[in-house]
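# Architecture and fold: a report
For reference, the chains in residue letters:
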Amino acid sequence: MKGKCLKWIVIMLVLTLMLGIRVYAGGCYQEATKRQQALISYLNEIYVQKYPQLGLSLDYGTPSDRAKLKQAAKEITSGVQKTEPKIKALYDWIDKNIIYDTQSMASPAEVYNSRHGDCLGIAVLLCEFLRMENIPAVFSDGMRGDMVRVVSEDTMKNEVGHAWVYVYLNGQWQLLDPLFDTYMPSQEEIYQWYYPWYTEGVIPYYNGMNMKLLDGTYYINGNFMQYRNGMMIHEYYGLPGGEIWINSMQGISFVCRSQYHEQDTQDGYQYVDGRKEEKISSRLYTNGWIHYGDTYNFCKANGMLKNQTIETIGGKQYYFNYGGDMSILTSPSGNVELYGGYPIIRKGETLQMEILWTPNEGTTLKWESSDTEVATVDNTGRITAHSNGYALITCSDMLGDTFWHSSMLEVCVVSPLKEISVNKTQLSLQKGSSQQLSAYVDTEDTFYYGKVYWTSSNEAVATVDHEGNVLAIAPGTAEIRANSYNGTVQYASCMVTVEKETLDERNMGESDEEETNEKSQDKAQQDTEKTSQSEMTQAVSKNGTIRATNNTITISWKQDENATSGYRIYVKYKNKFIKLGSTKEGKTSFTIRKIKGKSLQAGKTYTAKVVSLKKVKGKVKEGRIITLKTSTRPKTSTITYGKKRTSTKILLKWKKITGVTGYEIQMSTNAKKGFKKIAAAKASKRSFLKGGLRKGKTYYFRIRSYKKVTGGKIYSSWSRVKKIK
């Protein structure tokens, strides 16, 4: 046996030498340890000893954004005096209030306003909160996974990309990670689970580091240096200096300007303060203003340029764009807003752009928009917004077909929020009971508005979670709000009354018929693993009720007293409404089975109109019109992957269903009953990380897809149950 083991070891060593495989004792644990140690040494040198203000600087958003976040941090830590309890209060607030959402921008103001953020957004907001309370903090991104299990750096990308925070407390840097419920863990836990790449755009170097693994800025031998594929940037490209973007995701980006010097050639940039230092090729300009003629950039102490932010200087709003260049922006409303670091213009409004450089003599300024359907610009720099999307505005100093200078501004055009509503305006609950509310946001904008978060005015009476589930705590009243950000927060509310005695839990002010419809819909969709193709789901609104199967849609509507000749039903077909049929007086329902002789398709949206008919002087005329956005029942998804990421977190993945609005996920500890909703995911999402689970316990999951229609949602049948232990 001993001989076989020795033989196997020899074979592995030979393969390692032949194939060049990098093998570490204990997987990547040693490399993770070295990176963490280099990171802490870097933080102590740069953020503590040399530039203590760097860990307190506020670098994102607008002046009004920063003021709002500062006030929020002050309120969260109100009454707390000591530093560590303040850190815990801010950590707990984010853990409780920010919804994990991979489709959200990471800029701190947007995460706070929408209450949605991915791991980077959560980390950046926590970092900004801490700095606003005068607590040094930085955020880092890299990989999270079991470094003992990961074989090599080359397989690291199979792990979970992640971001987290380091906070400086009592002379030490402590790690914070709200998404994974990690608060100031031990060094051993950090080394095992966290593998840092960039720390606010910089890679701290240690001897023997594999520099081919990551491109970007390395802090090496006291200098911030640019490397690409293990080579200094000017050697790799053979070009003098320039801007190098080293990391950009979800509205957070890092850009820098590297020096170039070779014999009598240099890049031409100089420090505004007249500082003289040795030119070292591929080293970054740092800690101050630099300029090349009338082009200016501000370099932070770590070499990163100030970018995608607004500063008020001399009463004017200076916008630092993606590349760190500046322009002056003026908005009719007074304050310029940003989304993902780009200036916002609302549909129909304008924004004035002013360049900071002086045109050359004899040249002509040329203003252009990359997409005139989104935004146009006139010859004075006045930008007008037309439709949702992004447009790049360029101002060039032209001499014939040659340009001498140019400035660029990418703008984001958004539409106003039309309406936000809640399915119930009043609700009575018995103490200890619960009920789910749903919100509807009417907007043309799919990327800026539409995110909803829930709040309770009195959590001692009733609480509400991220999915609108209201839990009655104690007798009294509480206002439950569905909030959506639209420059300001707009909301719709439901007044909840919690009673001591048993109530029928019926929604006050709504009809018995609507309540019965809701109960029958819930009953039909509850605890069902396999559902027949003909089973219906339904949605109820003030205009009517929609019932759907996979290949039929039945619509019903409220009686119109003036409809003395019945109703005529139309459906939209190839952008035109065509007549489907009619009903007699008094009949207020109609079933759609075919359109132009073709059967309805599962999961397809159909827009129907119900027109009242009445006789006037012997002629039938059309009267009231009700429009209903309908859909057949969508196809059922399948949970394709389920695995524990930690002892308390499970990652789910599912099959994409084309054309749906989203998915609902339920969980239970019993394979046949007790399922409760744990998440709602957008159509673009195909995974969900469930946390807060008990170690060693078995859980069961199921999923269904849905389509939004007038009055609610049409659901698919439930998927097969996925067991995960």
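Residues numbered from 1 in each chain as written. Predicted model: local features only at pLDDT ≥ 70, side-chain atom pairs only at ≥ 80, totals over all residues. Heavy atoms only, no water.

### Describing the overall build of the protein chain
Scanning the protein chain from terminus to terminus reveals nine helices and 56 strands. The buried share of the protein chain, taken over its 725 residues, is 50%. Sequence-distant contacts, at least 24 apart, represent 59% of the contacts inside the protein chain between residues at least 6 apart. Accessible area of the protein chain: about 34,800 Å², with a carbon and sulfur share of 48%. (Helix = DSSP H or I, 4+ residues; strand = E, 2+ residues; numbered from the N terminus. Buried < 20%, exposed > 50% of the residue type's maximum accessible area, 1.4 Å probe, protein only. Contact = heavy atoms within 4.5 Å. Areas by Shrake-Rupley, 256 points an atom, 1.4 Å probe, with all protein chains shown as cover.)

### Overview of the environment of Tyr292
Residue position: Tyr292 is located in strand E17 (residues 288-292). For Tyr292, a relative accessible area of 48% gives the class partly exposed. In this structure the C-alpha to C-alpha distance between Tyr292 and Tyr269, which are 23 residues apart in sequence, comes to 4.7 Å. When neighbours within four sequence positions are excluded, Tyr292 is seen to be in contact with Asp267, Gly268 and Tyr269.

### Description of the nonpolar core
One finds Phe129, Leu130, Phe139 and Val165 to be the most contacted residues of the largest nonpolar core, which totals 61 residues. Examining the composition of this core, we find that eleven residues originate from one element, helix H6 (residues 119-132), more than from any other. Non-local contacts of Phe139, meaning those with residues more than four positions away in its chain, are made with Tyr60, Leu120, Ala123, Val124, Cys127, Trp164, Val165, Tyr198, Thr199, Glu200, Ile252 and Phe254. Counting 28 residues, the second largest nonpolar core, distinct from the first, contains Tyr319, Leu338, Ala385 and Leu409. (Core = buried A, V, L, I, M, F, W, Y, C linked by side-chain atoms within 4.5 Å.)

### Observations concerning the packing of helix H4 (residues 83-97) against H6
Closest axis-to-axis distance for the H4/H6 pair is 10 Å, and the angle between their directions is 150 degrees. For the element pair H4 / H6, the angle class is roughly antiparallel. Considering the relative orientation of H4 and H6, their crossing is right-handed. In contact with Ile87, Leu90, Tyr91, Trp93 and Ile94 of H4, H6 contributes Ile122, Leu125, Leu126, Phe129 and Leu130. The residue makeup of the contact of H4 with H6, split by class, is ten nonpolar, no polar and no charged. (Axes fitted to C-alpha atoms, helices over the stretch in contact; angles between N-to-C directions. Parallel < 35°, antiparallel > 145°, perpendicular 65-115°, else oblique. Left-handed = near helix turned anticlockwise from the far one by under 90°. Nonpolar A, V, L, I, M, F, W, Y, C, P; charged D, E, K, R; others polar.)

### A word on unusual backbone geometry
Although it is not a glycine, Asn170 sits at a positive phi angle of roughly 50 degrees. Although it is not a glycine, Glu200 sits at a positive phi angle of roughly 50 degrees. When you line up the elements, Glu200 lands in the loop between strand E7 (194-199) and strand E8 (202-204). Looking at Glu200, the relative accessible area reads 7%, which means it is buried.

### Structural notes on the sheet that holds strand E18 (residues 295-299)
Across the sheet, which stays open at both edges, the three strands sit in the order E16-E17-E18 with antiparallel pairing between neighbours. The two strands at the open ends of the sheet, each matched to only one other strand, are strand E16 (270-271) and E18. Summarising the sheet, E17 and E18 pair through five bridges and their orientation is antiparallel. When the sheet's bridge partners are listed, Gly288 is paired in E18 with Cys299. (Pairing = 2+ DSSP bridges.)

### Describing the pattern of salt bridges
One pass over the structure, following the stated rule, counts 20 salt bridges. Ionic pairing is found between Glu368 and Lys366, a salt bridge with its closest N-O pair at 3.5 Å. Since its relative accessible area comes to 37%, Glu368 is described here as partly exposed. Residue Glu622 is joined to Arg568 by a salt bridge in which the shortest nitrogen-to-oxygen separation is 3.0 Å. Of this pair, Glu622 sits in strand E48 (residues 619-631) while Arg568 is found in strand E42 (residues 567-573), placing the two residues 54 residues apart along the sequence. (Salt bridge = Lys/Arg side-chain N within 4 Å of Asp/Glu carboxyl O.)

### Description of the sheet that holds strand E49 (residues 639-646)
The strand order E49-E50-E53 describes an open sheet built from three strands, whose pairing is antiparallel. Looking along the sheet, the strands with just one partner apiece sit at the ends: E49 and strand E53 (687-690). Direction aside, neighbouring strands of the sheet carry axes that sit 15 degrees apart on average. Note: strand E50 (residues 649-654) against E53, four bridges, orientation antiparallel.

### Notes on the packing of helix H3 (residues 63-76) against H6
Between H3 and H6, the shortest axis-to-axis distance is 9 Å and the interhelical angle comes to 75 degrees. In this view, H3 runs roughly perpendicular relative to H6, as classed from their interaxial angle. Between H3, through Arg66, Leu69, Lys70, Ala72, Ala73 and Ile76, and H6, the contact on the second element is made entirely by Leu125, Phe129 and Met132. The residue makeup of the contact of H3 with H6, split by class, is seven nonpolar, no polar and two charged.

### Quick word on a positive patch on the surface
A cluster of basic residues, Lys574, Lys596, Lys598 and Lys604, forms a positive patch at the surface. With respect to the secondary-structure elements, Lys604 resides in the loop between strand E46 (598-599) and strand E47 (605-616). (Patch = residues over 30% accessible without salt bridge, like charges linked within 9 Å, V, L, I, M, F, W, Y side chains within 5 Å. Lys, Arg positive; Asp, Glu negative; His and termini not counted. Charge placed at Lys NZ, Arg CZ, Asp CG, Glu CD.)

### Considering the packing of aromatic side chains
Any aromatic ring pair is given by two values, namely how distant the centres are and how the planes are angled relative to each other. All told, the structure shown has 23 aromatic pairs when counted by the stated rule. Each ring, one from Tyr168 and one from Trp173, has its centre 4.9 Å from the other, and the planes form 45 degrees; the classification is tilted. Every member of this aromatic cluster is reached through a ring pair, and the members are Tyr42, Tyr47, Tyr168, Trp173, Tyr219 and Phe224. Against the face of Phe577 rests Lys609, its NZ or CZ located 4.3 Å from the ring centre. Looking at Arg702, its charged tip hangs above the ring of Trp718, at a distance of 4.2 Å from the centre. (Phe/Tyr/Trp six-rings, centres within 6.5 Å; stacked < 30°, edge-to-face > 60°. Lys NZ or Arg CZ within 6 Å of the ring centre and 35° of its normal.)

### Describing the environment of Gln192
Examined against the element boundaries, Gln192 turns out to sit in helix H7 (residues 187-193). Using a relative accessible area of 25% as the deciding quantity, one classes Gln192 as partly exposed. Separated by 47 residues in the primary sequence, Gln192 and Gly145 place their C-alpha atoms 7.7 Å from one another. Apart from the residues within four sequence positions on either side, Gln192 is in contact with Tyr29, Gly145, Asp146, Met147 and Val148. Side chain to side chain, Gln192 and Asp146 meet in a polar contact 3.1 Å long. (Polar contact = N/O pair within 3.5 Å; in protein donor to acceptor, adjacent residues only side chain to side chain.)

### Overview of the confidence of the model for the protein chain
Here the protein chain averages 83 in pLDDT, and 86% of its residues register 70 or above. Segment residues 1-25: pLDDT under 50, and twelve contacts once partners within four positions in sequence are set aside and those in other chains are kept. Within the model, pLDDT remains below 50 along residues 502-535, and this stretch shows 66 contacts once partners closer than five positions in the same chain are excluded. (pLDDT = per-residue confidence, 0-100.)

### A word on the state of the cysteines
Within this structure, the stated rule accounts for zero disulfides. Between Cys299, a cysteine without a disulfide, and Cys256, which holds the nearest cysteine sulfur, the sulfur-to-sulfur distance is 9.0 Å. (Disulfide = S-S within 2.5 Å.)

### Observations concerning a nonpolar patch on the surface
On the surface, a cluster of nonpolar side chains totalling about 280 Å² of accessible area is made up of Met231, Tyr236 and Tyr237. The residue Tyr237 is located in helix H8 (residues 233-237) in this model.

### Here we look at the side chain of Ser407
Mapped onto the elements, Ser407 comes out in strand E29 (residues 402-414). Among the polar contacts made by the side chain of Ser407, one reaches the side chain of Trp357 at a distance of 2.6 Å. If we skip the residues at most four places from it in the chain, Ser407 touches Met353, Ile355, Trp357, Ile393, Thr394 and Cys395.

### With respect to H6
Compared with the 20 Å implied by 1.5 Å per residue over 14 residues, the 20 Å span of H6 between its first and last C-alpha is a close match. Capping the start of H6 is the job of one residue whose side-chain oxygen sits 3.3 Å from the backbone nitrogen of Leu120: Asp118. Of the residues one or two after H6, Asn134 is the one with positive phi, at around 65 degrees. (Expected span 1.5 Å × (residues − 1).)

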